[in-house]
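# Close look at the chain arrangement
So the chains spell out like this:
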Amino acid sequence: MAAAFSISPTVDLIDVPRRIALTGLPAGAEVTIAAETPRDGHLWRAQAVFKVGADGSIDLERDAPLRGDYAGVAAMGLVWAQTGQGELFPADLSRPLETTLTAHVGGEPIASGGFSQILMAEGVTRHPLAEDGLVGTLFLPAGEGPHPAIMILNGSGGGINEPRAALWASRGVAALALGYFGAPGLSKYISNTPLEYFARGLDWLRARVRPKNDFVAVAGQSRGGELALLLGATFPDKVSAVLGYVPSAFVHGGQAAADPAPGLGRDGPCWTLDGKPLVHQWQDNASASWKPYDEATEMRRNADAMRTALSDPAAMARARIPVERIAGPVLLISGGDDGAWPSDLYSLIVQSSLLAAGHPHEVLWKNWPAAGHSILFPHVPATRIAHRHPVSGIATTMGGTPAANAAANAGAWEAALAFLRRHGGQAG
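In what follows, the accompanying structure is described. (Residues numbered from 1 in each chain as written. Predicted model: local features only at pLDDT ≥ 70, side-chain atom pairs only at ≥ 80, totals over all residues. Heavy atoms only, no water.)

### Let's talk about the overall build of the protein chain
Applied cut-off: Each helix is a run of DSSP H or I of at least 4 residues and each strand a run of E of at least 2, with the numbering of both proceeding from the N terminus. The globule rule used here is 2.2 Å times the number of residues to the 0.38 power, and the radius of gyration it is set against is calculated over C-alpha atoms. Exposure classes here rest on a 1.4 Å probe applied to the protein chains alone. A residue is buried below 20% of its type maximum, exposed above 50%, and partly exposed in between. Should any heavy atoms of two residues lie within 4.5 Å, those residues are considered in contact. Under the convention used here, a 1.4 Å probe and the Shrake-Rupley method define accessible areas, while residue burial counts only the protein chains that appear. This count recognises Lys and Arg as positive and Asp and Glu as negative, with His and chain-terminal groups excluded. Note on charges: their place is set at NZ of Lys, CZ of Arg, CG of Asp or CD of Glu.
Along the backbone of the protein chain there are nine helices and 22 strands. Taking 2.2 N^0.38 as the reference for a compact globule, 428 residues should give roughly 22 Å; the C-alpha atoms of the protein chain span a radius of gyration of 22 Å, in line with that estimate. Based on the C-alpha atoms only, the size of the protein chain along its principal axes is roughly 70 × 55 × 40 Å. Across the 428 residues in the protein chain, those meeting the buried criterion constitute 56%. Considering only intrachain contacts with a sequence separation of at least 6, the fraction spanning at least 24 residues in the protein chain is 69%. Entry remark: accessible area of the protein chain is about 16,800 Å², with carbon and sulfur atoms responsible for 52%. Charge-centre separation for the protein chain: the mean point of 33 positive side chains lies 2 Å from the mean point of 39 negative side chains.

Written as structure tokens, this is what we have:
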């Protein structure tokens, strides 16, 4: 019996895990399985060595590798353990990610196979937005609708998160990836970003898609998670639900994405409303200090500096986001080893504030204790723990491990999909 891969499904959306097995093998043999995926012009790769079971097979849902790029049983380990250069996604999201699997014994190839991860389902359409000062991309699901809608906000790296919006649309949600800095036609920096910009974006999205049950959620990660909570509290009549990925319970200053100009900088304002900067947690804070970050001898963790601010309760109270004003359900996603800021503590504060206020809607907090700040996207490489910030250029660590972050990536997406199905109607 010749060795052969069994992969199911071979073609599906990226959020669907695959069952990968190899059969027709001599029991007890050691087999190396490698996975290669071209990503934006660069090849990403992972491999692991397995011992063949008594039935002559290797099943990644059952078997842990003897050694390799990941440890333990992990059905998608050969994907999330991949390393490489460049971006994770192609510029053209209609092109699937194609992963090739090869099996070797003693350096000799014995079998090959592969599978396709689709980012943008058939019938989903992409519509660039550049009007009324708004910059972004709208993805519309297949079919006439109406569909629930969601606005997607990036964090301190800026830009426009098209992959996440494309996946939401593939699951039946009209998704606007709205840029607010770090994209053509927008400021290079996050400093002095007016909240009214997002109110216009919400109004535009409602008028454009006429969503099912008038439902428009806001989802953001990191600074975008802070922003999503802030928008829900500031414009409760416009925001139907909030999804905060590794969010903050407090308004922060410009930090790493700040304009370095005098009077701004990392301790300057980030958000404005009615032309006035919002009070942030570093302002008039007697305990806040950048020393643990600036003077770190190992890899810097922004969270170490953020925790110093918590010792001035009066300053933190002034900067707290009044989440009790949110008029809809709230989903919070966090990691217990977050290197950017303590998103688990921040999420606990948000949850506690809402429950103490008798919030009449669902408040769901999902925390992965060993995960870091990079809780992003299901079934993609999770090996980029440390990086240079795209605006400041400073090397920092986001925390977590590839295995923990991969588990959080998959679990967070499952939670978000179920959350929107409950509150926004059927979403694929």
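### Some thoughts on the sheet that holds strand β17 (residues 271-273)
This is how it is decided: DSSP-based pairing: two strands are paired if at least 2 bridges between them are found.
Pairing is mixed in the open sheet, where three strands are placed in the order β14-β17-β18. Among the strands making up the open sheet, the edge pair consists of β14 (193-194) and β18 (276-277).

### A look at the packing of aromatic side chains
How we decide: Note on ring pairs: Phe, Tyr and Trp rings are taken, using the six-membered ring of Trp, and paired if centres are within 6.5 Å. Classes follow the plane angle, with under 30 degrees stacked, over 60 edge-to-face and the rest tilted. Any Lys NZ or Arg CZ that is within 6 Å of a ring centre and within 35 degrees of that ring's normal is treated as a charge sitting over the ring.
Enumeration over the complete set of coordinates arrives at eleven aromatic pairs. With 5.7 Å between their ring centres and 65° between their planes, tryptophan 290 and tyrosine 293 make a pair best called edge-to-face. The exposure class assigned to tryptophan 290 is buried, which follows from its relative accessible area of 9%. In this structure tyrosine 293 comes out as buried when scored by relative accessible area, which is 5%. Aromatic side chains tryptophan 341 and tyrosine 346 sit 5.7 Å apart centroid to centroid with 65° between the ring planes, which places their arrangement in the edge-to-face category. Through a chain of ring-to-ring contacts, three or more aromatic side chains come together here, namely Tyr180, Phe181, Tyr197, Phe198 and Trp271. Over the face of the ring belonging to tyrosine 293 we find arginine 300, whose NZ or CZ atom lies 5.2 Å from the ring centre.

### Some details on the sheet that holds strand β4 (residues 30-39)
Across the sheet, which stays open at both edges, the six strands sit in the order β2-β9-β8-β4-β5-β7 with mixed pairing between neighbours. Since the sheet does not close on itself, it has two edges, and those belong to β2 (11-13) and β7 (67-68), each with one partner. The pairing of β4 with strand β8 (residues 97-105) spans five bridges and is antiparallel. Its bridge partner lying in β8, alanine 35 is registered against leucine 101.

### What about the pairing of strand β1 (residues 4-8)?
Of the two faces of β1, only the one carrying Phe5 and Ile7 is buried; Ala4, Ser6 and Ser8 on the other face are not. As judged from the five bridges shared by β1 and strand β3 (residues 19-23), these two strands associate in the antiparallel manner. Within β3, the residue paired with isoleucine 7 across the bridge is isoleucine 20.

### Thoughts on the environment of leucine 205
Summarising the element assignment, leucine 205 is placed in helix α3 (residues 195-209). Sequence separation between leucine 205 and leucine 176 is 29 residues, and the spatial gap between their C-alpha atoms is 7.2 Å. With residues up to four places along the chain from it excluded, the contact list for leucine 205 reads Leu138, Ala149, Ile150, Met151, Leu176, Arg210 and Val216.

### Focus on the pattern of salt bridges
Stated precisely, the cut-off is as follows: Between Lys or Arg on one side and Asp or Glu on the other, a salt bridge is scored when a side-chain nitrogen of the former is within 4 Å of a carboxyl oxygen of the latter.
This model, assessed by the stated rule, comprises 17 salt bridges. The salt bridge partner of arginine 45 is glutamate 36, with a shortest N-O separation of 2.9 Å. Taking relative accessible area as the criterion, glutamate 36 reaches 28% and is therefore assigned partly exposed. As a salt-bridge pair, arginine 62 and aspartate 55 come within 3.3 Å of each other at their nearest N and O atoms. Classification of aspartate 55 by relative accessible area gives exposed; the value is 53%.

### Notes on helix α8 (residues 343-356)
Selection criterion: In this analysis, the expected span of each helix is defined as 1.5 Å times one less than the number of residues it contains.
Look at α8: 19 Å from first C-alpha to last across 14 residues, which is about the 20 Å you get at 1.5 Å a residue. Buried residues belonging to α8 abut α4 (223-234), α6 (302-308), β19 (330-335) and β20 (363-368). Looking at the residues trailing α8, positive phi occurs at glycine 358, about 70°.

### Re the pairing of strand β9 (residues 108-118)
As paired strands, β2 and β9 are joined by three bridges and run parallel to one another. Bridging from a neighbouring strand, aspartate 12 pairs with glutamine 117 of β9. Note: β8 against β9, nine bridges, orientation antiparallel. Bridge assignment links histidine 104 to a residue of β9, and that residue is proline 109. Joining the antiparallel neighbours β8 and β9 is a turn of two residues, in which glycine 106 adopts a positive phi near 60°.

### Topic: the environment of serine 116
As a reminder, the rule being used: For the purposes of these results, a polar contact is taken to be a pair of N or O atoms within 3.5 Å, where, inside protein, one atom must be able to donate a hydrogen and its partner to accept one; residues adjacent in sequence count only when each atom of the pair is a side-chain atom.
For serine 116, the location among the structural elements is in strand β9. Taking relative accessible area as the criterion, serine 116 reaches 10% and is therefore assigned buried. Residues serine 116 and proline 96 lie 20 residues apart in sequence; the distance between their C-alpha atoms is 6.0 Å. Here serine 116 is in contact with Thr10, Val11, Asp12, Arg18, Pro96, Leu97 and Glu98, once residues within four sequence places are set aside. A polar contact of 2.5 Å, which involves the side chain of serine 116, links it to the side chain of glutamate 98.

### As for unusual backbone geometry
Excluding glycine, residues mostly carry a negative phi; peptide bonds, for their part, are mostly trans. In this chain, serine 8 is followed by proline 9 through a cis amide linkage whose omega measures -10°. Considering the arrangement of structural elements, one finds proline 9 in the loop between β1 and β2. The residue after glycine 145, namely proline 146, is reached through a cis peptide bond having omega 10°. Position of proline 146 relative to the elements: it lies in the loop between β11 (134-140) and β12 (149-153).

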